[in-house]
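Architecture at a glance
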Protein chains: 4
Amino acid sequence: MTDVQNQPDERGIEIKRTGVTKLFLPFFISDGDDVQQVAAQIRFTVALVENLRGTHMSRFAEILTAWTTRPIKIPDVEKILLNALEKLQTDFAAITLAFKFFIKKFSPVSKKFSFSPVDCEFIGELTRGERMKFTLGLVVPYTSLCPCSKEISDFGAHNQRSVCRVKLTFKDFENISIKNLVHLIETQGSTEIFPLLKRADEKFVTEAAYQNPKFVEDILRDIVIALRGVENLAAFEVECENFESIHNHNSFASHKEII
Amino acid sequence: MTDVQNQPDERGIEIKRTGVTKLFLPFFISDGDDVQQVAAQIRFTVALVENLRGTHMSRFAEILTAWTTRPIKIPDVEKILLNALEKLQTDFAAITLAFKFFIKKFSPVSKKFSFSPVDCEFIGELTRGERMKFTLGLVVPYTSLCPCSKEISDFGAHNQRSVCRVKLTFKDFENISIKNLVHLIETQGSTEIFPLLKRADEKFVTEAAYQNPKFVEDILRDIVIALRGVENLAAFEVECENFESIHNHNSFASHKEII
Amino acid sequence: MTDVQNQPDERGIEIKRTGVTKLFLPFFISDGDDVQQVAAQIRFTVALVENLRGTHMSRFAEILTAWTTRPIKIPDVEKILLNALEKLQTDFAAITLAFKFFIKKFSPVSKKFSFSPVDCEFIGELTRGERMKFTLGLVVPYTSLCPCSKEISDFGAHNQRSVCRVKLTFKDFENISIKNLVHLIETQGSTEIFPLLKRADEKFVTEAAYQNPKFVEDILRDIVIALRGVENLAAFEVECENFESIHNHNSFASHKEII
Amino acid sequence: MTDVQNQPDERGIEIKRTGVTKLFLPFFISDGDDVQQVAAQIRFTVALVENLRGTHMSRFAEILTAWTTRPIKIPDVEKILLNALEKLQTDFAAITLAFKFFIKKFSPVSKKFSFSPVDCEFIGELTRGERMKFTLGLVVPYTSLCPCSKEISDFGAHNQRSVCRVKLTFKDFENISIKNLVHLIETQGSTEIFPLLKRADEKFVTEAAYQNPKFVEDILRDIVIALRGVENLAAFEVECENFESIHNHNSFASHKEII
């Protein structure tokens, strides 16, 4: 059968990224001692030289299916990308794996545990002959309590669920701990949040938030300071968003830094 | 050209609803004196008798396009459905128009105004020879403040953005006011919310919520009582959901009633 | 500490459903010999008698956390609901678990395999003293090819990704096979779809669809006929939707049946 | 009342973007002679100097509410940003307005018209003393038909709804036409798509697509070539995505260029 993708192309345009997106596969993701099976949403692309018409779309699913049977650690992302360089005869490959990862959380007073879902992204980019550029995306929830509302009100203070989205690019991707990074971020809000709170825990969390009021800008700045202390970070982007309880819209702050 | 849709069908299955969905059109929606142009997401279907193979899909967009130039009041939905009975030669037609409608809101102390978006649905069902069955869907936001958290804590109380989703089926659809129904619902939370709050307003809203703590069940019950007083209601469904500030999940309560 | 939820309520309104929603937990779901860990999105509610103010929200997460360590089969959903009747002292409980489940699929000619994600819902409702009412929700993709377009065109025919959403309520929930039900539904389209297709497979699938043109109404009727043959079904709802390649909106048909 | 936002901050971090997001307001958007009222989703932020604790969140809604009564052309976005520099005493402001805009489309043979929704974004960034940097985001649908499937199959060819997302940054934002840019992009697919097609139109569109097979890479390259011819463009980003009819995942290609 004719290989139409392999036809020459004369438009003279090299394409940096072509491949598949919104592909879902079951992967085993490993973080420290913890291995979880996840439903990963995948974007997997390669560069296409200017004189070729198309890439071979079926090979992306083929490469990835082979990775459904063994745990994937962050350094394995580089191996997946090396598979792509080889099987798709290209000098650049990129992948994003997006999935929910569960963190075990113990409530602050009763010490009961449950699981908190964190949206994670493994983003790898590999140029032939170089090391992978790896970026970890995380979406971490917490509570914020408004300092202005507390200050001007005779009692109470508006507070709300809030979220931090980070993209962390690492110089060295051998020893990244999702769990530790989530903890670093979630403790910068007015208080951490928990999947399971008995009454003594609810009292603790309510009072902790009231004693630690923070604007969206305060939380952003404290996360920036915390991230500056993370070993091996090359760059980071942070977005903080508070789902304001007194509005139908959100407050927002963002920051980028190259270290 | 052959009319393949008009071929006979021998499977013996009458289809209650066939048509188009996720069609978007610009409509002018009228509520009292207020007319707003909206981007309506539409599901528009008819019944198909058992001995016909398919309906004529292009006629749905044709009927609706004719309604893009004049204001649509709720009773006009019946006229749209009558168009469908006629042009698609059927005895049953149904339509859902989903759109954002903006309510003017004045902040409680400074009296500054802005607009609050409400997700609306006009749901009409028409059987030949009967009056339209009309259901109004609304999604209305407000604040809830937790009575348990307030009671057990030495200071503060967790609160959060919350939302009520109602489906209101009317006996008579001539004099329905979106604006008034939204107001009836949003005032059952711990406090109303506003798009624009100056500091004096924020103090007012914070204190109002603290003085009016309500569980998701309290708000649900108060909305049920409020809706029982609405003239011309034949049935209603209510869902209340609080985006808990101390959890990454929501609390929820729902109720249905036929009057 | 005061148990504010346990206060008496005088509004005289029994609430059929109160609890938690958008809670995520990692469950092991079992289908035949296949066990997969999933990130389940959960709605878990109970009835609340008219003279009590609120339910105990923390118990829902507590009950469910205990189920994160062992495989859940469909009959186990009844056990989870029995836990709720007991721990929340109520006569009615309902749960929805929504998750992606992966089906192994072999391409039609090359016989290469990969995994196809199916959106599943386990919906259980339990009234004290009765057996659980169990409903399985599935979202199953396939291709549709338009009979009208094929008939009137000199060459080609528009085709598109399409999807069937079913809710299947069973009389007996002991021997339900997700895998078999997905297969029953996906084979009613113009052709099945696959995560991994080599060129010989692509030729096969393209020609199979062209030789089997079906309107959205055809597919709906064929699924209805197929479901009537499923053992132990008490009722079903079917929605078929084609993401029309020649429009920016979808064609749609739906049907309900009680057996 | 204390102005807590105005307190000094000692963390030494200038914040580039702080403000509001997911705010919705009704705006009148003007494109050539066409004015449409839209429900705009807004992100509106400013820079915050390192020695101030917070910005004044209520002023964003105040500035924008004043713009709900008159048509907004693209150059007006600069005026909105100038309002922000002034009222929030800052040297940088950015805004994104996202909304559906309707394009009138005539079907190719029957010449019947209806409206096609296009997702638009107006993205403005203003540094004091400079001109606004303006970027237009568009999401434009069309059909793609697979050249490989056509070539290897004895009859038929898989085709599907597809979409192009562009971000176009202009050197000069005085004479941008949304309508013309949408047309430039949608005509690069295998065929344009339409909201309303009678049978003669459906035949036309089916045959046009079959005679113009294009991979996702072909469409991307043709759009790149088309965009290089647009006057006043400073830079562009293009993403093309085909909702493959034979898979449950999509094919994808992207490209960026600075002119």
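I will try to describe carefully the structure that is included in this document. Given the structure is predicted, the values throughout are model-derived calculations rather than measurements. (Residues numbered from 1 in each chain as written. Chains lettered and ligands numbered in written order. Predicted model: local features only at pLDDT ≥ 70, side-chain atom pairs only at ≥ 80, totals over all residues. Heavy atoms only, no water.)

**As for the overall build of chain A**
Along the backbone of chain A there are 6 helices and 9 strands. Its C-alpha atoms give chain A principal-axis dimensions of about 75 × 35 × 35 Å. Residues counted as buried form 63% of the 259 residues belonging to chain A. Sequence separation of 24 or more characterises 65% of the internal contacts of chain A that already satisfy a separation of 6 or more. Total accessible area on chain A is roughly 9700 Å²; 48% of this is exposed by carbon and sulfur atoms. Taken as two groups, the 32 positive and 35 negative side-chain charges of chain A have centres that lie 4 Å from each other. (Helix = DSSP H or I, 4+ residues; strand = E, 2+ residues; numbered from the N terminus. Buried < 20%, exposed > 50% of the residue type's maximum accessible area, 1.4 Å probe, protein only. Contact = heavy atoms within 4.5 Å. Areas by Shrake-Rupley, 256 points an atom, 1.4 Å probe, with all protein chains shown as cover. Lys, Arg positive; Asp, Glu negative; His and termini not counted. Charge placed at Lys NZ, Arg CZ, Asp CG, Glu CD.)

**Re the pairing of strand E9 (residues 250-258) of chain D**
Residues and elements named next belong to chain D. Here E9 lies mainly inside the structure; 7 of its 9 residues are buried. Pairing of strand E8 (residues 233-242) with E9, which is carried by 8 bridges, proceeds in the antiparallel orientation. By the bridge assignment, Asn 242 is partnered in E9 with Ser 251. (Pairing = 2+ DSSP bridges.)

**A word on the relation of the copies chain C and chain D**
Rotating chain C by 180° about the axis while translating it 0.0 Å along that axis superimposes it on chain D, leaving an RMSD of 0.0 Å. Classification of the inter-copy transformation places it as that of a two-fold axis. (Least-squares fit on C-alpha atoms with pLDDT ≥ 70 in both.)

**Points about the interface of chain C and chain D**
Contact with chain C, which involves 37 residues of that partner, is made by 37 residues of chain D. Contact with chain D buries surface across chain C, with Phe 155, Arg 161 and Asn 248 of chain C losing the most and accounting together for 21% of the total. For the pair chain C and chain D, the number of links is 2 salt bridges. For Lys 203 of chain D, the salt bridge identified is with Asp 154 of chain C, shortest N-O distance 3.4 Å. For the pair chain C and chain D, the interface holds 29 residue pairs in polar contact (both at pLDDT 80 or more). The element contributing the most residues to the side of chain C that touches chain D is helix H5 (residues 199-210) of chain C, with 7 residues. Its residues placed into classes, the side of chain C that touches chain D shows 16 nonpolar, 14 polar and 7 charged. (Buried area = accessible area lost by both parts, 1.4 Å probe. Salt bridge = Lys/Arg side-chain N within 4 Å of Asp/Glu carboxyl O. Polar contact = N/O pair within 3.5 Å; in protein donor to acceptor, adjacent residues only side chain to side chain. Nonpolar A, V, L, I, M, F, W, Y, C, P; charged D, E, K, R; others polar.)

**Comments concerning the interface of chain D and chain A**
A common way to express how large an interface is: the accessible area buried when the components associate. With 54 residues of chain D at the interface, the matching set in chain A holds 54 residues. Regarding the contact of chain D and chain A, the summed buried area is about 4200 Å², with carbon and sulfur atoms giving 55% of it. In this assembly, chain D and chain A are joined by 10 salt bridges. In this structure, Arg 53 of chain D engages Asp 218 of chain A in a salt bridge whose closest nitrogen and oxygen atoms are separated by 2.8 Å. Taken together, the residues of the side of chain D that touches chain A break down into 21 nonpolar, 14 polar and 19 charged. Taken together, the 5 bridges between strand E9 (residues 250-258) of chain A and strand E1 (residues 15-31) of chain D define a ladder with antiparallel strand orientation.

**Looking at unusual backbone geometry**
Although it is not a glycine, Lys 111 of chain C sits at a positive phi angle of roughly 60°. Tracing the backbone shows Lys 111 of chain C in the loop between strand E4 (92-106) and strand E5 (113-127). At Gln 89 of chain D, a residue that is not glycine, the phi angle is positive and equals roughly 45°. Position of Gln 89 of chain D among the secondary structure elements: in the loop between helix H2 (74-87) and strand E4 (92-106). Residue class for Gln 89 of chain D comes out exposed when judged on its relative accessible area of 70%.

**Some points on the relation of the copies chain D and chain A**
When chain D is fitted to chain A, the best match, at an RMSD of 0.0 Å, comes from turning it 180° and sliding it 0.0 Å along the axis. A shared binding surface is used by both copies, with 100% of the interface residues of chain D retained as interface residues in chain A.

**A few points about the packing of aromatic side chains**
Here a ring pair, both rings aromatic, is described through the centre-centre distance and the interplanar angle of the planes. Enumeration according to the criterion identifies 29 aromatic pairs over all chains in this entry. Ring plane angle 75° and centroid distance 5.2 Å describe the contact between Phe 44 of chain A and Phe 60 of chain A, whose orientation is recorded as edge-to-face. In this pair, Phe 44 of chain A is assigned in strand E2 (residues 34-48) and Phe 60 of chain A in helix H1 (residues 58-65), connecting sequence segments 16 residues apart. Looking at Phe 44 of chain A, the relative accessible area reads 0%, which means it is buried. Among the aromatic residues, ring-to-ring pairing joins Phe 99, Phe 101, Phe 122, Phe 134 and Phe 173 of chain A into one connected group. A cation over a ring is seen here: Lys 100 of chain B above Phe 24 of chain D, with NZ or CZ 4.3 Å from the ring centre. Lying across the ring of Phe 113 of chain C, Lys 104 of chain C places its NZ or CZ 4.7 Å from the centre. (Phe/Tyr/Trp six-rings, centres within 6.5 Å; stacked < 30°, edge-to-face > 60°. Lys NZ or Arg CZ within 6 Å of the ring centre and 35° of its normal.)

**Remarks on the side chain of Lys 105 of chain D**
Residues and elements named next belong to chain D. Within the element layout of this structure, Lys 105 appears in strand E4. Classification of Lys 105 as buried rests on a relative accessible area of 5%. There is a polar contact of 2.5 Å between the side chain of Lys 105 and the side chain of Glu 192. Residues contacting Lys 105, with those up to four places away along its chain left out, are Lys 112, Phe 113, Ser 114, Ser 116, Glu 186, Glu 192, Ile 193, Phe 194 and Pro 195.

**Quick word on the pattern of salt bridges**
Taken as a whole and assessed by the stated rule, the structure comprises 100 salt bridges over all chains. As a salt-bridge pair, Arg 199 of chain A and Asp 3 of chain C come within 3.7 Å of each other at their nearest N and O atoms. With Arg 199 of chain A in helix H5 (residues 199-210) and Asp 3 of chain C in the segment before strand E1 (15-31), this pair bridges two chains. For Arg 199 of chain A, a relative accessible area of 27% corresponds to the partly exposed category. The closest approach of N and O atoms between Asp 9 of chain D and Arg 11 of chain D, which form a salt bridge, is 2.5 Å.

**Points about the layout of surface pockets**
Considering only enclosed or pocket space, the second largest pocket measures out at about 790 Å³ in volume. As for the second largest pocket, its lining consists of 30 residues, of which Arg 161 and Phe 243 of chain C together with Arg 161, Phe 243 and Asn 250 of chain D are closest to the centre. Elements that contribute at least two residues to the lining of the second largest pocket include exactly strand E1 (15-31) of chain A, strand E1 (15-31) of chain B, E5, strand E6 (133-145) and strand E7 (159-170) of chain C together with strand E5 (113-127), strand E6 (133-145) and strand E7 (159-170) of chain D. Taken together, the residues of the lining of the second largest pocket sort by class into 13 nonpolar, 7 polar and 10 charged. (1 Å grid on protein atoms, 1.4 Å probe; cavity = no way out; pocket = protein on both sides within 12 Å on 5 of 7 lines; lining within 4 Å. Points joined across faces, edges and corners; volume = space filled by probe spheres on them.)

**Quick notes on the environment of Leu 145 of chain A**
All names here are of chain A. Among the structural elements, Leu 145 can be located in strand E6 (residues 133-145). With 84 residues separating them along the chain, Leu 145 and Ala 61 place their C-alpha atoms 46 Å apart. Every residue in contact with Leu 145, bar those within four places of it in the chain, is listed here: Lys 150, Ala 157, His 158, Asn 159, Ser 190, Ala 209, Tyr 210, Pro 213 and Lys 214.

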